[in-house]
Amino acid sequence: MDYFPSYLAVVIFHEFPDITWLKRQIARGFSNRLGWGNLPLDREGFPSVIIHTKVSECYRPDIIGPYSFFLNMRGSSSCSVDGQATRIDEDHYFVSNRAQAYTLQIEERFRGTETFNIHFGEFLSESVLNSLVTPADRVLDAGTERQLSPVLFFNQLHHRDAKFNALIRAILTSYRETGHNKLRFEEQLTALLSHHLQQHRRIAETVNNLPPVRKATRVELYKRLSRAMDVLRAGFCGEISLDQLAAEACLSKYHFLRLFRRAYGLSPYQYIQHLRIEKASLLLADPKLSITDLAGLLGFDNSQSFSRLFFQRKGIYPTQYRLLSK
């Protein structure tokens, strides 16, 4: 565990705080201005905290936290919100909203999971989002009377793109090399929130592109599609049926397929192939992984079908791509 002077309120912990203590502090709104390990805080309210730890298993139910990003540097975890569990792999992160109860679970079969869960302090997140959002960002609002309500992000998997991963690496590198600095950390967390807000705006465009019905209906349709998309993203290397995806979205197969194409511009099968090729582009950097093994890992019947699709999508064969990537 790391301790910092009293004027610092953003910390990285290498263990999960005791859950009984945490829930008691949340209920009190951190009114005593004490963090885990009696770390003095500079104000009341949930502080900004990063949990970066390796665990074999854990179960942390019904925590009412701040805006939070759940991700893993290695391994897999599961986060449940509103009764829906989402598996989080190394390529995505999951978001919960302020004052929204979440349950985090790491199963023993995912032994060695390395978490990097970011909890944005109430003061920081309110300050940043209030300065950045526009009325259009509040896509879950019911009407004009709620213009001052908080931004509600969608509870779904979000792709960790190059910029997001660079921001995470910057936090790790600066902390490892020069220790904790509150100003720098708050700037880094602000950059992460700003980046996610751009993702949120792209989602809002997707919602608006759904069939012209009431906004609340479009939002509900998107939520259903995103549940199916999370299943697809988590299991694209295995067998996924249209029936399974449509059932996850609580839609008929016909309506699911039509709305999926409308929202994402691809059919579910085409999107699976897209995900496989993008994952292959990353895995080809490992010279110890043969093309045959890689094809099997990604769910292809054989290396020939994998190489053929890779060439169609990238204009180059996997062996050539590997050589050029060195």
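The rules behind these values
Residues numbered from 1 in each chain as written. Predicted model: local features only at pLDDT ≥ 70, side-chain atom pairs only at ≥ 80, totals over all residues. Heavy atoms only, no water. Helix = DSSP H or I, 4+ residues; strand = E, 2+ residues; numbered from the N terminus. Contact = heavy atoms within 4.5 Å. Polar contact = N/O pair within 3.5 Å; in protein donor to acceptor, adjacent residues only side chain to side chain. pLDDT = per-residue confidence, 0-100. Expected span 1.5 Å × (residues − 1). Buried < 20%, exposed > 50% of the residue type's maximum accessible area, 1.4 Å probe, protein only. Pairing = 2+ DSSP bridges. Salt bridge = Lys/Arg side-chain N within 4 Å of Asp/Glu carboxyl O. Axes fitted to C-alpha atoms, helices over the stretch in contact; angles between N-to-C directions. Parallel < 35°, antiparallel > 145°, perpendicular 65-115°, else oblique. Left-handed = near helix turned anticlockwise from the far one by under 90°.

Undergrad: What is the right way to look at the environment of threonine 103 in this model?
TA: If you trace the backbone, threonine 103 turns up in strand E9 (residues 100-106). For threonine 103, the contacting residues outside a window of four places in its chain are Tyr59, Arg60, Pro61, Asp62, Ser78, Cys79 and Ser80. A distance of 3.0 Å separates the side chain of threonine 103 from the backbone nitrogen of aspartate 62, its partner in a polar contact.

Undergrad: Please clarify how the confidence of the model for the protein should be interpreted in this entry.
TA: A low pLDDT means the predicted coordinates there should not be read in detail. Looking at the protein, pLDDT values average 88 and 92% of them are 70 or higher. The least confident element of the protein is strand E1 (residues 10-13), whose mean pLDDT is 78; the most confident is strand E4 (residues 68-70), at 98. Segment residues 1-9: pLDDT under 50, and 26 contacts once partners within four positions in sequence are set aside and those in other chains are kept. Confidence over residues 142-148 falls short of pLDDT 50; this stretch has six contacts with residues more than four positions distant or in other chains.

Undergrad: Hey, could you run me through helix H8 (residues 268-283) in this one?
TA: Every α-helix winds through 3.6 residues per turn, so residues three or four apart in the chain are directed the same way. Here H8 is 16 residues long and its end C-alpha atoms lie 22 Å apart, about the 22 Å a rise of 1.5 Å per residue gives. Looking at the buried residues of H8, the elements they touch are helix H5 (215-235), helix H6 (242-248), helix H7 (253-264), helix H9 (291-297), helix H10 (303-314) and helix H11 (318-324).

Undergrad: Would you explain the pairing of strand E6 (residues 77-81) in this entry?
TA: Along a regular strand, successive side chains alternate from one face of the sheet to the other. By the criterion of burial, E6 is predominantly enclosed, with four of the five residues buried. Relative to strand E7 (residues 84-88), E6 is paired through five bridges, and the arrangement is antiparallel. Of the residues in E7, the one forming a bridge with serine 77 is isoleucine 88. Taking the residues between adjacent antiparallel strands as the criterion, E6 and E7 are bridged by two residues, where aspartate 82 takes a positive phi near 55°. Bridge count for E6 against E9 is four bridges, and the pairing is antiparallel.

Undergrad: Just checking my understanding: could you explain the pattern of salt bridges for this structure?
TA: Between side chains of opposite charge, pairing is possible as soon as their charged atoms come close. Summed over all chains, the structure comprises 11 salt bridges. Across the salt bridge formed by arginine 227 and aspartate 230, the nearest N and O atoms sit 4.0 Å from each other. In this pair, arginine 227 and aspartate 230 are both assigned in helix H5, three residues apart and thus about one turn of the helix distant. Neither arginine 227 nor aspartate 230 differs from the other in exposure class; each is buried. In this structure, the salt-bridge partner of glutamate 248 is arginine 227, at a minimum N-O distance of 3.7 Å. With glutamate 248 in helix H6 and arginine 227 in helix H5, this residue pair connects regions lying 21 residues apart in the sequence. Given a relative accessible area of 12%, arginine 227 falls into the buried group.

Undergrad: Any chance you could explain the packing of helix H4 (residues 182-208) against H5 here in plain terms?
TA: Angle between the axes and distance between the axes: these two values describe a pair of packed helices. Direction vectors running N to C along H4 and H5 enclose 110°, while the axes themselves pass 9 Å from each other. Here H4 lies roughly perpendicular to H5, going by the angle between them. Seen from above, H4 lies across H5 with right-handed handedness. Contacts between H4 and H5 pair Ile203, Thr206, Val207 and Asn208 from the former with Arg218, Val219 and Tyr222 from the latter.

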